[in-house]
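Architecture at a glance
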Amino acid sequence: MPTSPSDKALRRDRTALAHKVRYAVLNPSRIAPYVRRGARDTWLRLKHPGHVAYYRAVMASDTARNPEAAVGSRTHDRWLALGAMQYEYLLGHGLSPAHRMLDIGCGNLRAGWRFIDHLDSGNYYGIDISPDILISAKQTLTRFHLQDKVPHLTLTQDLTLDFLPAGHFDVVHAHSVFSHSPLDVIDECLSHVGRVLRPGGFFDFTFDRTEGDEHQVLREDFYYRTETLIALAEKRGLHGRFMDDWETREHGQSKIRVSAEPFAS
Ligand SMILES: C[S@@+](CC[C@H](N)C(=O)[O-])C[C@H]1O[C@@H](n2cnc3c(N)ncnc32)[C@H](O)[C@@H]1O
């Protein structure tokens, strides 16, 4: 059954006291983990004031416990399914072996191993801010015997993409990355992604959508309005489009595609 955000979920303000109380009453078993996560995140925020350093520390802590859960999958079956969902979507949108792909926030290659397998050797480029998850990415690569595809896996500390060549990528992709990013990080990416896209290329990203007030939870989960992100892309000279066909997937996030060229209507 599709799990695209319901109208109620789209209007929910997760920072409101009433929401927290209702959630706690309905999910008593989640109270202790939430309090533990809150305490850990407060400590990590104090230790690492910048967002990237903070989130890198969150990933180090989560990956040490379970790399698949660290990228958001509670079970291995879900890890496989979420990777397949991303892969099949892009295949349906014409991703071919000759294309060059940049996967921003590639994690431990939940989808990346499928893209690597599909693309010609050397055509997959994965970047991430977390050294811990990139070590897990290498293990995924080994487990699926994909060494001969010589993918690039690179640690980054920002999204200026300054070390990548201009006009190089047909597809840039960021799944469940902007759902964990403050607006200035998204803006940095949108300011620079146009430079690395080939003519006719596009950048797809998912985000946690709200139709109420924009808000964040523990500086780990960020909820944006579609208009905010499309306006940000336009400010950076890109064209943005809400991807309706993603909404039918079993995923709680929404998807926007941006491109340097206008979309055919
Ligand atoms: C929820 S995981 C998703 C991983 C992968 N895209 C997938 O779908 O399996 C988010 C990933 O984005 C990375 N990340 C978060 N903020 C980032 C940023 N500003 N630049 C690059 N990677 C980032 C995290 O380290 C983590 O590996």
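Remember, predicted model here, so these are calculated numbers, not experimental data. (Residues numbered from 1 in each chain as written. Predicted model: local features only at pLDDT ≥ 70, side-chain atom pairs only at ≥ 80, totals over all residues.)

As for the overall build of the protein
- Along the backbone of the protein there are ten helices and nine strands.
- Residue burial in the protein is summarised as follows: out of 265 residues, 36% are buried.
- Of the contacts formed within the protein by residues at least 6 apart in sequence, a portion of 68% connects residues at least 24 apart. (Helix = DSSP H or I, 4+ residues; strand = E, 2+ residues; numbered from the N terminus. Buried ≥ 20, exposed ≤ 12 C-beta atoms within 10 Å, placed from the backbone. Contact = placed C-beta atoms within 7 Å.)

What about the packing of helix 3 (residues 31-47) against helix 4 (residues 51-65)?
- Close contact between helix 3 and helix 4 brings their axes to 9 Å; oriented N to C, the two are set at 135 degrees. In terms of their interaxial angle, helix 3 and helix 4 are classed as oblique. Seen from above, helix 3 lies across helix 4 with right-handed handedness. Every residue of helix 4 that contacts helix 3 at Arg40, Asp41, Leu44, Arg45 and Lys47 is listed here: Tyr54, Ala57, Val58 and Ser61.
- Considered class by class, the residues forming the contact of helix 3 with helix 4 number four nonpolar, one polar and four charged. (Axes fitted to C-alpha atoms, helices over the stretch in contact; angles between N-to-C directions. Parallel < 35°, antiparallel > 145°, perpendicular 65-115°, else oblique. Left-handed = near helix turned anticlockwise from the far one by under 90°. Nonpolar A, V, L, I, M, F, W, Y, C, P; charged D, E, K, R; others polar.)

Re the site of the ligand
- Near the ligand you find 24 residues, and of these Gly105, Gly107, Arg110, Ser130 and Ser176 are the closest.
- Elements supplying a minimum of two residues to the shell around the ligand: helix 4 and strand 2 (124-128).
- Top contributing element to the shell around the ligand by residue count: helix 4, with three residues.
- Partitioned by chemical class, the residues of the shell around the ligand number 13 nonpolar, nine polar and two charged. (Near = placed C-beta within 6 Å.)

Observations regarding the UniProt feature "domain: Methyltransferase type" (unreviewed entry) in the protein
- Per the UniProt record, "domain: Methyltransferase type" (unreviewed entry) is found at residues 102-203.
- End-to-end, the C-alpha atoms of residues 102-203 are 9 Å apart, and along that stretch the chain is 33% helix and 25% strand. (UniProt positions renumbered as here; feature names shortened; annotations may be inferred.)

A word on the nonpolar core
- In terms of nonpolar packing, the biggest core is built from 51 residues, with Met101, Ile104, Val172, Leu190 and Val193 touching the most fellow members.
- When residues no more than four places from it in sequence are discounted, the contact partners of Val172 are Leu102, Ile104, Val193, Val196, Leu197 and Phe203. (Core = buried A, V, L, I, M, F, W, Y, C linked by C-beta atoms within 7 Å.)

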